[in-house]
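Understanding the architecture of this molecule
Listed below, chain by chain, are the residues.
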Amino acid sequence: MVVDLLDREDTDRLFAALADGTRRDILRRVLQHESSVSALAARYAMSFAAVQKHVAVLERAALVTKERRGREQLVRGSVDTVRAAARLLEQYEEIWRGRVARIDALLADGPTGPRPGGAP
Amino acid sequence: MTVLDVRRDPEALTITVTAEFAAPRDRVWQLYADPRQLERWWGPPEWPATFERHEIVPGGVATYYMTGPDGEKAPGWWRFLAVDPPVSFEAEDGFGASPDEATPGMPVMRMSVRLDETAGGTRMTSVSTFASLEQLEQVVAMGIEEGLRGAMGQMDALLAAG
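Residues numbered from 1 in each chain as written. Chains lettered and ligands numbered in written order. Predicted model: local features only at pLDDT ≥ 70, side-chain atom pairs only at ≥ 80, totals over all residues. Heavy atoms only, no water.

**Regarding the overall build of chain B**
Looking only at helices and strands, chain B has 5 helices and 8 strands in total. The linear arrangement of helices and strands in chain B, starting from the amino end, is β-β-α-α-β-β-β-β-β-β-α-α-α. Sorting the 162 residues of chain B into buried and exposed places 54% on the buried side. Within chain B, residue pairs in contact and separated by at least 24 positions form 40% of the contacts whose partners lie at least 6 positions apart. Split by element, the accessible area of chain B, about 7200 Å² in all, is 53% carbon and sulfur. (Helix = DSSP H or I, 4+ residues; strand = E, 2+ residues; numbered from the N terminus. Buried < 20%, exposed > 50% of the residue type's maximum accessible area, 1.4 Å probe, protein only. Contact = heavy atoms within 4.5 Å. Areas by Shrake-Rupley, 256 points an atom, 1.4 Å probe, with all protein chains shown as cover.)

**Some remarks on the overall build of chain A**
The number of helices and strands found in chain A is 6 helices and 3 strands. Written out in order from the N terminus, the α and β elements of chain A read α-α-α-β-α-α-β-β-α. Taken over 120 residues, chain A has a buried fraction of 46%. Nonlocal contacts in chain A, meaning residues at least 24 apart in sequence, comprise 50% of its contacts between residues at least 6 apart. When the accessible surface of chain A is totalled, it reaches about 6400 Å², and 50% of it is carbon and sulfur.

**Here we look at the nonpolar core**
Among soluble globular proteins, nonpolar side chains are generally buried collectively. Of all hydrophobic cores here, the largest spans 63 residues; its most connected members are A:W96, B:W41, B:W42, B:W78, B:F89 and B:M124. The contact partners of A:W96, leaving out residues within four places of it in the chain, are B:V17, B:Y32, B:W41, B:W42, B:M124, B:S126 and B:S128. (Core = buried A, V, L, I, M, F, W, Y, C linked by side-chain atoms within 4.5 Å.)

**With respect to unusual backbone geometry**
The linkage connecting B:P85 with the following residue, B:P86, adopts the cis geometry, with an omega of -5°. Here B:P86 shows up in the loop between β5 (73-84) and β6 (88-95). Residues other than glycine seldom take positive phi values, yet A:A62 does so here, at roughly 65°. Of note, A:A62 is situated in the loop between α5 (48-60) and β2 (64-69).

**Brief notes about the pairing of strand β1 (residues 4-9) of chain B**
All names here are of chain B. Across 6 bridges, the pairing between β1 and strand β2 (residues 14-21) is antiparallel. Bridge assignment links L4 to a residue of β2, and that residue is A19. With antiparallel pairing between neighbouring strands as the criterion, β1 and β2 make up a hairpin whose turn holds 4 residues, including L13 at a positive phi of roughly 55°. (Pairing = 2+ DSSP bridges.)

**Describing the pairing of strand β3 (residues 49-54) of chain B**
All names here are of chain B. With 5 bridges joining them, β3 and strand β4 (residues 61-67) adopt antiparallel strand pairing. Considered in β4, the bridge of R53 is made with T63. A loop of 6 residues connects β3 with β4, the two strands running antiparallel in sequence, and G59 in this loop sits at a positive phi of about 85°.

**Some details on the sheet that holds strand β1 (residues 35-36) of chain A**
All names here are of chain A. Spatially, 3 strands are ordered β1-β3-β2 in an open sheet, and the strand pairing comes out antiparallel. One side of each edge strand has no neighbouring strand; the edge strands of this open sheet are β1 and β2. Sheet analysis places β2 next to strand β3 (residues 72-77), joined by 6 bridges and oriented antiparallel. Paired with K66 across the strands is V75, a residue of β3. Relative to β3, helix α3 (residues 21-32) is tilted by about 90°, and along the sheet it contacts β1, β2 and β3. Taken strand by strand, α5 contacts β2 and β3, and its axis lies near 120° from that of β2. (Axes fitted to C-alpha atoms, helices over the stretch in contact; angles between N-to-C directions.)

**Description of α5(A)**
Residues and elements named next belong to chain A. Between its first and last C-alpha atoms α5 spans 18 Å; for 13 residues at 1.5 Å apiece the expected length is 18 Å, and the two agree. All buried positions along α5 are accounted for by V51, H54, V55, A56, V57 and L58. Of the residues one or two after α5, A62 is the one with positive phi, at around 65°. (Expected span 1.5 Å × (residues − 1).)

**Description of the confidence of the model for chain B**
All names here are of chain B. In the predicted model, chain B carries a mean pLDDT of 79, and the fraction of residues at 70 or more is 78%. Element-level pLDDT for chain B is lowest in helix α5 (residues 151-161), with a mean of 38, against a maximum mean of 95 in β3. Confidence drops under a pLDDT of 50 for residues 144-162, and excluding neighbours within four residues, the segment shows 32 contacts in the predicted structure. Two numbers describe this predicted complex: its pTM, 0.62, and its ipTM, 0.73. (pLDDT = per-residue confidence, 0-100.)

**What to know about the side chain of B:E39**
All names here are of chain B. Of note, E39 is situated in the loop between α2 (35-38) and β3. At 2.8 Å, the side chain of E39 and the backbone nitrogen of F51 are in polar contact. For E39, the residues in contact, after removing those within four places along its chain, are A49, T50 and F51. (Polar contact = N/O pair within 3.5 Å; in protein donor to acceptor, adjacent residues only side chain to side chain.)

The structure is reproduced here in structure tokens:
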């Protein structure tokens, strides 16, 4: 479970990292394939330094890893962290499937909702 | 028959659930607007929800608690940001007794619900946005037993009882 993976400080960092649209976009890209910071910087209407800053925030949240190769800094998405979130979302989906099933049952029950003494 | 489409976005921590109900929109709206009806479907059977306050107006607050299998109570609240009956609402969803007593720095979940009239009844689109993995985990912990039991068997039982 994620609790084993992340302590409170980690989750705070993760939350802050994902709260920004540019960072989510960077993360999506580097999850698909690794990319250098300069290649990333070319995609956004902001300075190299600004993009580098975003990458650093993602790195502190363990969402990406950075590796120096020659003159380039290669950024790669950390699949494990994102996978942990995906697993939890799957479980949350089950909660909603349960809700929808209960709504169906309620609606089948009659047009005015609970009947006296009829609640399951 | 309910049509379900579920879209998950693990990076943005959002989940979008689309369902279609064979009932008029006003009727489906009542499932949210009437706390007595809301209690019958919001919480899973192992964690039923009891709403103590339910002001479905912009700026209004709902407070509820969910009661666990061992009698433990988990309080929660909603704060309605926008309400357009019987079409849509948007609310914050947090843990704790009320928004005023919310723990500072404690993440708040955002939910938006939209009801559209269709030829067969009403289509509901519900978007939940989580602020953090930790929060998502807390929410899931309260509903996971239901997930393990399987929602389908439960639906059959409810239909047979109704």
